[in-house]
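Each chain, letter by letter, is given below.
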Amino acid sequence: MDKKTQRPSVLIIYTGGTIGMVHRHGSNTLGPVKFDQILDEVPELHRFGYNLRSIAFNPPIDSSNMSPEIWVKTAKAIQKNYNNYDGFVILHGTDTMAYTASALSFMFENLDKPVILTGSQLPIGTLRTDGKENLITAVEIAAAKQNGKAMIPEVCIYFDFKLFRGNRTTKRDSENFSAFVSENYPSLALAGVDIRYYKQFIQYPSNKGILNVNYQFNTNVVVLKIFPGINKDVFDAVFHIPGLKGVILESFGTGNVPTTRWLLSCIKKAIRKNIIILNITQCQGGRVVMGQYETSIELLNSGVITGKDMTSEAAITKLMFLLGQKLSMNEIKNHLTKSLSGEISE
Ligand code: ASP
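Below is a short write-up of the structure. Keep in mind that what you see is a predicted model, and the values were worked out from it rather than measured.

Here the focus is the nonpolar core. With 53 residues, the main nonpolar core has Ile-78, Met-107, Phe-108, Val-115, Val-155 and Leu-336 as its most contacted residues. Sequence-distant contacts of Ile-78, defined by excluding residues within four places in its chain, comprise Ile-13, Phe-88, Ile-90, Phe-108 and Val-115. With 33 residues, the next largest nonpolar core counts Tyr-50, Leu-52, Leu-135 and Val-139 among its residues.

The next subject is helix H5 (residues 232-239). Spacing of three or four residues puts side chains on the same side of an α-helix, whose turn is 3.6 residues. Of all the positions in H5, only Phe-235, Val-238 and Phe-239 are classed as buried. The arc enclosing the buried residues of H5, seen along the axis, measures out at 90°, which places them on a common side. Looking at the buried residues of H5, the elements they touch are strand S17 (221-225), strand S18 (246-251), helix H6 (261-272) and strand S19 (276-281). Among the residues of H5, the N-terminal cap falls to Asn-231, whose side-chain oxygen and the backbone nitrogen of Asp-233 are separated by 3.0 Å.

Our next topic: the sheet that holds strand S20 (residues 305-306). In space, the four strands of this open sheet follow the order S17-S18-S19-S20, with parallel pairing throughout. Each end of this open sheet is capped by a strand with a single partner; those strands are S17 and S20. Examined bridge by bridge, S18 and S19 share six bridges and lie parallel to one another. By the bridge assignment, Gly-246 is partnered in S19 with Ile-276.

Conventions adopted
Residues numbered from 1 in each chain as written. Predicted model: local features only at pLDDT ≥ 70, side-chain atom pairs only at ≥ 80, totals over all residues. Heavy atoms only, no water. Core = buried A, V, L, I, M, F, W, Y, C linked by side-chain atoms within 4.5 Å. Buried < 20%, exposed > 50% of the residue type's maximum accessible area, 1.4 Å probe, protein only. Contact = heavy atoms within 4.5 Å. Helix = DSSP H or I, 4+ residues; strand = E, 2+ residues; numbered from the N terminus. Arc of directions from axis to C-beta. Polar contact = N/O pair within 3.5 Å; in protein donor to acceptor, adjacent residues only side chain to side chain. Pairing = 2+ DSSP bridges.

Set out below in structure tokens:
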């Protein structure tokens, strides 16, 4: 709440992405442009009567260039302004929005304000843009309160009329406006004539400590997607990456892999070398249940960790995050199987 005017206040952070892109001179290629005046592009926003301010990253990026360094920069912008705003909207490219939302959800401890990521499939300057609706509703959600408390004290993605928990989302479509899906967790809100909030699915902070932000990541990790025909050379090469600390195994179905001898022995050797192996499913929905089939019991017995129903984006950012903290091997393994910020269904 703005102290002088008593109006809700929202900070919009523009990182880049299609929402602020233009076609490069006479070509069909889109590139990000400086977008200092986001509020001029969408004058409708002023009709809320909120205290709105925007900051823009320089240079703005296509989110394919997103990195842990830029997650840190984004989190710092929020931490610096945390006490002055009721909520935050991050404008971000859709390609890696689910990774950023997941990473931020792990970085923020005791978050009690909304951090809503959004963007668009068409630039905001185009006639049929989805960017305006996404931005306008994201701002309304970021300002929403009930009994003086934030309605959504979570890191979320708002896109195409749906509000998702950020660390449950995946980009599923590069063409349609409904770019995101959250297969394993229900929407937190739906925007129709009214915005309906589903409070039973929203996570409220359990302790009332002040915001704490953890900034370290360790990027010595890899995602290894299993496919029929995967050969030993590929496996050996991946597990011999210098400095490797963790492997996300994207397995079939409920966590299954081929029962080939060399594959299991490679995994066992890696675990003996203290490399963490986290098993998640290639399916968009459902969860890993190691031991349900013969094709996963050996993984369980070897010490592979279950990623349960985590998305690939949540699993990779969580592993990098936990490896970046000063934690023992056992603590990391323990945290991986438990929900840190709503990314796992218990
Ligand atoms: N390549 C763009 C980005 O992620 C796509 C988008 O914004 O939709 O920055």
